[in-house]
Amino acid sequence: MKQDIILAGVGGQGILSIAYVIDNAALAEGLFFKQAEVHGMAQRGGAVQSHMRLSSRPVWSDLIPRGEADMILSVEPLEALRYLDYLRPDGIVVTSSTPYKNIPDYPDLDNILDAVRKAPKAVIVDSEKLAKEAGTVKAQNIVLLGAASGFLMLKEAGLKTVIEALFKGRGGPVLEANLKAFDLGRKAASGS
Amino acid sequence: MGRQILLGDEAVALGAVHAGLSAGYSYPGTPASEIMEFLVRLAAERKDFTAAWSVNEKVAYEEALGASFAGKRALVSFKHVGLNVAADPFMNSALTGANGGLVVVSADDPGMHSSQNEQDSRYFAQFAQVFCYEPADHQEAYDMTREAYDVSERFGLPVLMRLVTRLSHSRSSVETKEPRGQNELHPGAPRDWTLLPVNARRRFGLLLDRQAEMARFSDGSAFNVLRLNDKDRSLGVIAAGVGYNYFREACGPDGDLPSFLKVSTYPLPEGLVRKLVEHVGSVLVVEDGYPFIEKQLKGLFGIAGKTVLGRLSGALPRSGELSPDSVRAALGLEPLPALAKSGLPLAGRPPQLCLGCPHADTFKALNKALESYPGSGVFSDIGCYTLGALPPYNAIETCVCMGASISMARGASDAGLRPAVSVIGDSTFAHSGITPLLGAAASDVDMTVFILDNSTTAMTGGQPSFGTGERLLRIIEGLGVPRERVRTIDPLPKNHEKNVGIIREELDHRGLSVVVAVRECVQETRKKRS
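Residues numbered from 1 in each chain as written. Chains lettered and ligands numbered in written order. Predicted model: local features only at pLDDT ≥ 70, side-chain atom pairs only at ≥ 80, totals over all residues.

**Digging into the packing of helix α4 (residues 127-134) of chain A against helix α7 (residues 172-190) of chain A**
The packing of two helices is summarised by the inter-axis angle and the distance between the axes.
Residues and elements named next belong to chain A.
And then number 1: One way to put it is that α4 packs onto α7 with a least axis distance of 8 Å and a crossing angle of 140°. It follows from the interaxial angle that α4 and α7 lie oblique. Where α4 crosses over α7, the handedness of that crossing is right-handed. Across the interface between the two elements, Leu130, Ala131, Glu133 and Ala134 from α4 touch Ala177, Lys180, Ala181, Leu184, Gly185 and Ala188 from α7.
And then number 2: Class assignment of the residues belonging to the contact of α4 with α7 gives a composition of 7 nonpolar, 1 polar and 2 charged. (Axes fitted to C-alpha atoms, helices over the stretch in contact; angles between N-to-C directions. Helix = DSSP H or I, 4+ residues; strand = E, 2+ residues; numbered from the N terminus. Parallel < 35°, antiparallel > 145°, perpendicular 65-115°, else oblique. Left-handed = near helix turned anticlockwise from the far one by under 90°. Contact = placed C-beta atoms within 7 Å. Nonpolar A, V, L, I, M, F, W, Y, C, P; charged D, E, K, R; others polar.)

This is the structure:
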């Protein structure tokens, strides 16, 4: 049993926090994992991605081979499309529909979402709306994690335990908002 | 001791601490920064060892060497080009030797994710004739670093730990082992450490004498794994570091493996290499970085009757980072079926200066001021402000190495370029900008130096800067720049016109001027607020 996930987004959008939650949940379940991430120059508002590999057997490569990714999990719709050629022919794309426009030539959003929908399976969630509903617009990454959680080989309770550990130091309201963001994302994905 | 999640960088750092580290030093640089970040955090908790950012890599190396002289175990870490800066003490420390264990971590950046070149640190280990480890995964990064201290003390030499970005910045879980204590103080012998010719010749002889023993040790290392396949003797694979991971990935979890040798230590395990080569018809070398092993294997004339494949032969790309896909192709395997790209043209998203970044305002003012000086040259340096080379600023013309902006502007000014302008950050100035400015001040070179003081080492995540604020101004004056030619500006949109005026005055001045743009990095301001 294995699961390879490409986490995508723009530097500063919190994909490393998603990775942190998945890493720790995987460790708690006794799974093998490797997770390659991008630091340094690209983190300054550039396209960033993280290769997340979970398996019941030892993992060799830190990078996912093209064609092995089971899921693309993106905090930003344009970034979801950048790695489609890593996806298995039966893979799933879970993405936010909220664009992050820090470039002058950002494509038409409808065209982007249409292209996402052409994936074998696509889950698109309005992370901005759901995060605001949860209490903080900063929790969009956790909305996406919630949306993906139903498709992960990890237990929901395990993911939530790590989210609690991650946010408990930042006060009750922040923790509550992130747990709610997770639930709202999960619910939105189950309806799609 | 249990399992914990670590970056490759952190696994090295923790391995060093558990090997009895007394002192670690570093200058930030991607992908090595997280080694010292981790050590600084751990030292603050434990308070039983030193972990310090240094002014530059040469200084860091010498600080570590001093700790080793005193008999304590020391670590110095930097990115690959940092080893260039530290090359002088590194090469000579192969002659002084290490007293307390000394491990040198150099993190290479194949593919140049965040670097000016993709030089391969294994050549430096060979150049200095010291032992080198190349871990493939996190557990090895931890285990090899621990063993590297034993090897350093056994041979009385520094040991190089070669990392690559892909391992440095990958996370996985590591099983840690019982830590051991630190060394007692026992300073080195002056006749070994004073490299006067009479001593240096003797020490170099000793270094040469140790080579054979180091080669035998490499051959016997359990980290080098040889597996011979007796059924199929056509192809053998020599795979080093993360290249080994890609090789195993391509073969699949249950696939039949060709004969292979996993290389983890240098000098190359010659006996093992010979056994593999004799067993097979052709050898594919899978190594990230330069074709270091492949070149040694082929020598000038190749191996009679054998084919050697790799980056030189074209079986793998000559440059750039290896990938599971390129290694798969080199093994003659078909690509995996994958989804096609959408066909929609995807706008690129390059890195850029943050919203509200002080550098943006400085570049806008500089560009405006330079409009009336068509013959100018703007020399820049390593840091966030290097992004000023990209649109919409297009403000700088060079980025070579730490501190080069000031020295190059001086050379260009001497050659007749006017105005010659240098743009450098406060941390890079402290690293390698002070000495060229001292030289330029001594002869009042006709140039204008911009020091962008954002009070941090921003690009690598906000490490401390040694020459910032009032101290920076005192340094500049102390170097001999006349007080009236040191101007400060506050790079904010509301000050644009005023700043352009000040810059024009200094560009007009025939002689050396320094303009210090003072405003804190927005990322640091944000960190303080949260």
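**Some remarks on the pairing of strand β3 (residues 47-55) of chain A**
Residue and element names in this part refer to chain A.
And then number 1: Within β3, 8 of the 9 residues are buried, leaving the element largely enclosed by the surrounding structure.
And then number 2: Note that strand β2 (residues 32-36) and β3 share 5 bridges and pair antiparallel. Across the sheet, residue Gln35 finds its bridge partner in β3, namely Met52. (Buried ≥ 20, exposed ≤ 12 C-beta atoms within 10 Å, placed from the backbone. Pairing = 2+ DSSP bridges.)

**Some points on helix α5 (residues 87-96) of chain B**
Residues and elements named next belong to chain B.
And then number 1: Among all positions of α5, only Pro89, Phe90, Ser93, Leu95 and Thr96 are buried.
And then number 2: Among the structural elements, α3 (57-69), α4 (80-85), β5 (102-108), α6 (122-128), α9 (190-193) and α10 (197-220) are those in contact with the buried residues of α5.
And then number 3: One or two positions beyond α5, positive phi appears at Gly97, with a value near 80°.

**Comments concerning the domain arrangement of chain B**
Residues and elements named next belong to chain B.
And then number 1: Entries for chain B in the domain assignment read domain 1 (3-215), domain 2 (225-330) and domain 3 (358-529).
And then number 2: For domain 1 versus domain 2, the separation of C-alpha centres amounts to 27 Å.
And then number 3: At the junction of the two partners, domain 1 supplies 22 residues and domain 2 supplies 17 residues.
And then number 4: Of all elements in the fold, only α6, β6 (132-133), α8 (165-168) and α10 reach the threshold of two or more residues within the side of domain 1 that touches domain 2.
And then number 5: The biggest single contributor to the side of domain 1 that touches domain 2 is α6, with 4 residues. (Domains from an automatic or database assignment.)

**Comments concerning the sheet that holds strand β10 (residues 235-240) of chain B**
Residue and element names in this part refer to chain B.
And then number 1: Taken in spatial order, the 5 strands line up as β9-β11-β10-β13-β14 in an open sheet, and their pairing is mixed. Taken across any chain shown, the strands that pair with only one partner, and hence form the sheet edges, are β9 (225-227) and β14 (307-309). Strand-to-strand twist of the sheet, defined as the mean angle between neighbouring strand axes without regard to direction, takes the value 15°.
And then number 2: Judged from the 5 bridges that link them, β10 and strand β13 (residues 282-286) form a sheet pairing that is parallel. For Leu235, the partnering residue across the bridge sits in β13 and is Ser282.

**Some points on the interface of chain A and chain B**
And then number 1: Each side of the interface is counted separately: chain A has 46 residues, and chain B has 44 residues.
And then number 2: Where the side of chain A that touches chain B is concerned, the elements lending two or more residues are α1 (15-28), β2, α2 (77-81), β5 (87-96) and α3 (109-117) of chain A.
And then number 3: Each residue belonging to the side of chain A that touches chain B can be placed in one class, and the counts come to 21 nonpolar, 12 polar and 13 charged.

**Digging into unusual backbone geometry**
Excluding glycine, residues mostly carry a negative phi; peptide bonds, for their part, are mostly trans.
Residue and element names in this part refer to chain B.
And then number 1: With an omega of 10°, the peptide bond running from Tyr266 to Pro267 counts as cis.
And then number 2: Summarising the element assignment, Pro267 is placed in the loop between β12 (265-266) and α12 (270-279).
And then number 3: Cis geometry marks the peptide bond from Arg418 to Pro419; its omega dihedral reads -5°.
And then number 4: Turning to its location among the elements, Pro419 is positioned in the loop between α16 (404-415) and β17 (420-425).
And then number 5: Located in the positive-phi region is Asn394, a residue other than glycine, with phi close to 45°.
And then number 6: C-beta crowding within 10 Å serves as the criterion here: with 12 such atoms nearby, Asn394 is assigned to the exposed category.

**Regarding the sheet that holds strand β16 (residues 398-399) of chain B**
Residue and element names in this part refer to chain B.
And then number 1: The 6 strands lie next to each other as β16-β15-β17-β18-β20-β19, forming an open sheet whose pairing is parallel. Looking at the sheet topology across the chains shown, the edges are occupied by β16 and β19 (486-489).
And then number 2: Judged from the 4 bridges that link them, β19 and strand β20 (residues 512-518) form a sheet pairing that is parallel. Across the sheet, residue Thr488 finds its bridge partner in β20, namely Val516.

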